[in-house]
2 protein chains.
Amino acid sequence: MPSQLNQEQLDHYRADLLEALEDGDTERVQRFCDEELAPVEIAHVIESSPTKVRELLWQYLDEEQQGDVLPHLNDELQQAYLSQMSAHEILETTQDLDSDDLADMLQQMEPGVSSQVLELMPPSTRAEVEGLLAYPEDTAGGLMNTDVITVRADVTLETVLRYLRRREIPDHLDALWVVNRNFGYVGKLPIVKLLTHSPDTTVREIMDSDIEGIKASTHEDKVAQIFERHDLVSAPVVNDHGILLGRITVDDVLDVIRESADHAVMSMAGLDEDEDTFAPIVKSSRNRAVWLGINMITAFVAAAVMSQFEASIAQIVALAVLSPVVASMGGIAGSQTLTLMIRGMATGHINRDNLVWLIGRELGVGALNGLLWAGVIATITIIWYSDVYLAAVIAAAIIINLLTAVLAGASLPFLLKSVKIDPALSGSVILTTITDVVGFLTFLGLATFFLL
Amino acid sequence: MPSQLNQEQLDHYRADLLEALEDGDTERVQRFCDEELAPVEIAHVIESSPTKVRELLWQYLDEEQQGDVLPHLNDELQQAYLSQMSAHEILETTQDLDSDDLADMLQQMEPGVSSQVLELMPPSTRAEVEGLLAYPEDTAGGLMNTDVITVRADVTLETVLRYLRRREIPDHLDALWVVNRNFGYVGKLPIVKLLTHSPDTTVREIMDSDIEGIKASTHEDKVAQIFERHDLVSAPVVNDHGILLGRITVDDVLDVIRESADHAVMSMAGLDEDEDTFAPIVKSSRNRAVWLGINMITAFVAAAVMSQFEASIAQIVALAVLSPVVASMGGIAGSQTLTLMIRGMATGHINRDNLVWLIGRELGVGALNGLLWAGVIATITIIWYSDVYLAAVIAAAIIINLLTAVLAGASLPFLLKSVKIDPALSGSVILTTITDVVGFLTFLGLATFFLL
């Protein structure tokens, strides 16, 4: 089994695999699943295939393989496949999984099914999984796994080493966690230190006690920031009383960053980050219809504003031609500011202290670019329509709309966040509505007032 | 020094620090820099402050602190501060840095300065750094650092352990790399295995030989995919002949993912991912003016199309009011498809094999939503203008524009990529230009043909 296919290899393998599927070449497909592709790669092929091919491929996997592949699939597909299985089958399929993968998957199931699965589990596993289920998926508690190795501060490295030889070691083990007799977290013991210090040193002498435990209630984005800032490979998770609950490993943090990145990009287009690129037509259409509908409403709001000036437009048709220019310039300027603010809030660079300064800064930027482009657009208007007054009006409208745009773009994210609305999702719609309305209103309004 | 400040704590500290700066309370500021804040946190405070405060704060740091803080600053600030230093000062400041951080920083300097700095370096370091500078920043070679520990396959673990005790250990050490006598990479030896196997086993018996080395020329995005798929903490980098060059650690991969995420979001607004949220007004204005200019041109292209129908608009002013609705619906539908495609290409889910299927799928989605919203918008038009023919025309225009939009959104990323243009940056502009033009053209064209 090749351990690290790069994209070209993977595409190549997938092409062969799909060909084998079409030819109904059972043996070759089987060989792919059994030998040539790792579970994570099978998952990738399934994710990048249409539904029909997916179903076909899934059937070729035996229960154990399905169990290995499942955790690598996106939530939507996990749900789909799990919903086809009975509680027994699910248990069979998932018995070799880590407790945290298991917990994540249970959260994908119907409450009825998941409770059945829990009941069927061996008590020890169930207790562990139920413990994890207690924490929301997007918190440190939801990210952590419980396979930690703990030691006491007063023992010697020799004791630790003897202990380690006797038990199996979880992957990504980069450190042991030092706890007191009440399982309170006291420090981190990087295993490298086990190699480089003499066996008779005690854990206390060499443990890092300056690594604080992460509260289980900490939001996953904050967890990611901590990992990024301090280049951690794993971190301890504690409850409010400092009791060690588990550890978070960097591979889960990678997923968090990837997902929040997806969310930022996808939500700008009104899409869910789990949006399945290969979902059937009807399903995708439904997902996207909502966003189209919302934007249609905002478009008609703008249209309604414009229609108030039909009389003016009838007299000076140039107004109809130039209005969209005024509106779009505002939209662009606003979205630039909005994007900067949302990113700055995500990285924690923007806070109450520097917000006011920032808004002032943005207004300055808006004014400068407003003046610049007002000049350019006025010039173009004069050349095009040889009408100085029209040019003056559009110039004024551009400046006003750009100032409004940056002001809205800078303040919206905070306003939305304070009312618990996701700025990445709704920010751009609200912004463009504002810039369209203000753009049409100022340009057509000023024109009606001064040119007629 | 608190090792893991979370955002609240950090904001709190920053507030105090800024207060101290304003009060000119030198001692308190000094105490912050020396004891209370880690370099990475000082960097964060500097990044989230206006230029004046930055300068002030930077002066409080002694050379060593400046050296610790520098690598945590964004490229733009690194450049700014490095450009103020002489080659000697730079060397002083950066002498304790890892070779890869040093190489990254040299790439930020004026060629003249960086070559001076290189000359001043001790030969060994210089050779190392020059080796790293040979690789582009966005490849595996550019990501790797050279502080690897290598062992031979035929030695026993005891020998390895004795060797480790004698040398200093790089951070993030999770594995040793097994090489042959020509320094050819043969396998990975997780240090955990050093603990759990008896000292007289040979390296060959327990090394992982199925972890392939990553070619130095591999693009960083592919490196990130490999780390994500296989939950790696570190990976070996090799040249075309399989010679071990260095290793990539997961903390650098975190940065890659974060940056490519930033790039995706920022470039949608025509911003550079390094765009400094706190840069002075003039600087920011310049950065954003370009994008506003490009979008102005596209807006005027659309306006020019519309102006071809001024006669029609003069007769039916409703056309002016409704045109933007047709254009915007196309823009939204197209951007949804565009976003999905760009994401799919980034994750490697979309390739030549399934592209055709996908375009067909998108056309289906476009058709369904086209019919749906054509119906809705036609109805609104009838209610608003009680004109069935106008309604029929706008319905037809909506369907045509939505189909064009998804087709463009699905094919643009590939077309742009094949001519080496970044779809994330230019995709949305080109798309909206298409949807605006097609929207105006079909709606006003059909109206002129059927309604006049």
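Note that the structure is predicted; figures quoted are calculated from it, not measured.

The rules behind each value
Residues numbered from 1 in each chain as written. Chains lettered and ligands numbered in written order. Predicted model: local features only at pLDDT ≥ 70, side-chain atom pairs only at ≥ 80, totals over all residues. Heavy atoms only, no water. Helix = DSSP H or I, 4+ residues; strand = E, 2+ residues; numbered from the N terminus. Rg over C-alpha atoms; globule rule 2.2 N^0.38 Å. Buried < 20%, exposed > 50% of the residue type's maximum accessible area, 1.4 Å probe, protein only. Contact = heavy atoms within 4.5 Å. Areas by Shrake-Rupley, 256 points an atom, 1.4 Å probe, with all protein chains shown as cover. Lys, Arg positive; Asp, Glu negative; His and termini not counted. Charge placed at Lys NZ, Arg CZ, Asp CG, Glu CD. Salt bridge = Lys/Arg side-chain N within 4 Å of Asp/Glu carboxyl O. Least-squares fit on C-alpha atoms with pLDDT ≥ 70 in both. Domains from an automatic or database assignment. Buried area = accessible area lost by both parts, 1.4 Å probe. Nonpolar A, V, L, I, M, F, W, Y, C, P; charged D, E, K, R; others polar. Pairing = 2+ DSSP bridges. Axes fitted to C-alpha atoms, helices over the stretch in contact; angles between N-to-C directions. Phe/Tyr/Trp six-rings, centres within 6.5 Å; stacked < 30°, edge-to-face > 60°. Patch = residues over 30% accessible without salt bridge, like charges linked within 9 Å, V, L, I, M, F, W, Y side chains within 5 Å. 1 Å grid on protein atoms, 1.4 Å probe; cavity = no way out; pocket = protein on both sides within 12 Å on 5 of 7 lines; lining within 4 Å. Points joined across faces, edges and corners; volume = space filled by probe spheres on them.

(A) Spotlight on the overall build of chain A. The helix and strand tally for chain A stands at 22 helices and 6 strands. Since a compact globule built from 452 residues should have a radius of gyration of about 22 Å, the 29 Å found for chain A marks it as more spread out than a globular shape. For chain A, the C-alpha atoms occupy an extent of roughly 90 × 60 × 40 Å along the three principal directions. Here chain A holds 452 residues, and 55% of them are scored as buried. The long-range fraction of contacts in chain A, counting pairs at least 24 apart against all pairs at least 6 apart in sequence, stands at 65%. Accessible surface for chain A amounts to roughly 18,200 Å². Of this, 57% is attributable to carbon and sulfur atoms. When the 28 positive and 65 negative side-chain charges of chain A are each reduced to one mean point, those points stand 8 Å apart.

(B) Layout of the pattern of salt bridges. Throughout the structure, instances matching the rule amount to 20 salt bridges over all chains. Residues A:E228 and B:R258 are paired through a salt bridge, measuring 2.7 Å at the closest nitrogen-oxygen approach. Note that A:E228 is positioned in helix α15 (residues 220-230) and B:R258 in helix α16 (residues 250-268), a pairing that runs across two chains. Exposure remark for A:E228: the relative accessible area of 17% places this residue in the buried category. A residue is classified by how much of its surface remains accessible, and B:R258, at 23% relative accessible area, is partly exposed. Each of A:R288, B:R361 and B:E362 takes part in a single network of salt bridges with overlapping partners.

(C) Quick look at helix α15 (residues 220-230) of chain B. All names here are of chain B. In terms of residue burial, α15 counts as a mostly covered element, since 9 of its 11 residues are buried. Along α15, the residues classified as buried are E220, V223, A224, Q225, I226, F227, E228, R229 and H230. Taken from the residues just after α15, D231 is the one with a positive phi, measuring 45°.

(D) Examining the relation of the copies chain B and chain A more closely. At an RMSD of 0.2 Å, chain B and chain A line up after a rotation of 180° and a shift of 0.0 Å along the axis. The two molecules are tied by a two-fold rotation axis, judged by turn and shift. Here 100% of the contact residues of chain B are again contact residues in chain A; the copies associate through an equivalent surface.

(E) Local environment of the domain arrangement of chain A. Assigned domains of chain A: these are domain 1 (7-135), domain 2 (150-267) and domain 3 (281-451). Taking only C-alpha atoms into account, the centre of domain 1 of chain A sits 29 Å from that of domain 2 of chain A.

(F) Broad picture of the interface of chain B and chain A. In this complex, chain B contributes 125 residues to the contact, which on the side of chain A involves 125 residues. Across the chain B/chain A interface, buried area totals approximately 11,500 Å², and carbon plus sulfur atoms make up 67% of it. Taken together, chain B and chain A are joined by 6 salt bridges. In terms of residue class, the side of chain B that touches chain A is built from 71 nonpolar, 30 polar and 24 charged.

(G) Focus on the sheet that holds strand β3 (residues 185-190) of chain B. Residue and element names in this part refer to chain B. Taken in spatial order, the 3 strands line up as β1-β2-β3 in an open sheet, and their pairing is mixed. Both edges of this open sheet fall to β1 (150-152) and β3, since each of them pairs with a single strand only. Averaged over all pairs of adjacent strands, the angle between their axes in this sheet comes to 35°, without regard to strand direction. By the bridge criterion, 5 bridges tie strand β2 (residues 175-179) to β3 in an arrangement that is antiparallel. Bridge pairing in β3 places A175 opposite P190.

(H) Quick peek at the packing of aromatic side chains. Per the counting criterion, the structure on display carries 12 aromatic pairs over all chains. A centroid spacing of 6.0 Å and a plane angle of 20° characterise the contact between A:W357 and B:F278, whose relative ring orientation is stacked. Taken as a pair, A:W357 in helix α20 (residues 352-385) and B:F278 in the loop between α16 and α17 (281-307) lie in two separate chains rather than in one. With relative accessibility at 1%, the residue B:F278 sits in the buried group. Ring geometry for A:W384 against A:Y385: centres 4.9 Å apart, planes inclined by 25°, an arrangement best described as stacked. By the ring-pair criterion, three or more aromatic residues cluster together here, those being A:F300, B:W384 and B:Y385.

(I) Region of the structure containing a nonpolar patch on the surface. A cluster of nonpolar side chains, namely A:I281, A:V282 and B:L368, defines an oily patch on the protein surface of about 230 Å² accessible area. With respect to the element layout, A:I281 can be found in helix α17 (residues 281-307).

(J) View of empty space enclosed by the protein. All names here are of chain B. In this structure the tally under the stated criterion is 5 cavities of 30 Å³ or more. Considering only enclosed or pocket space, the second largest cavity measures out at about 50 Å³ in volume. What lines the second largest cavity is simply D100, A103, D104, Q107, L132, L133, Y135, G141, G142 and M144. Listed by contribution, the elements that provide at least two residues to the lining of the second largest cavity are α8 (99-106), α10 (123-133) and α11 (140-143). Element by element, the count of residues in the lining of the second largest cavity is highest for α8, at 3 residues. Of the residues contributing to the lining of the second largest cavity, the split by class is 5 nonpolar, 3 polar and 2 charged.

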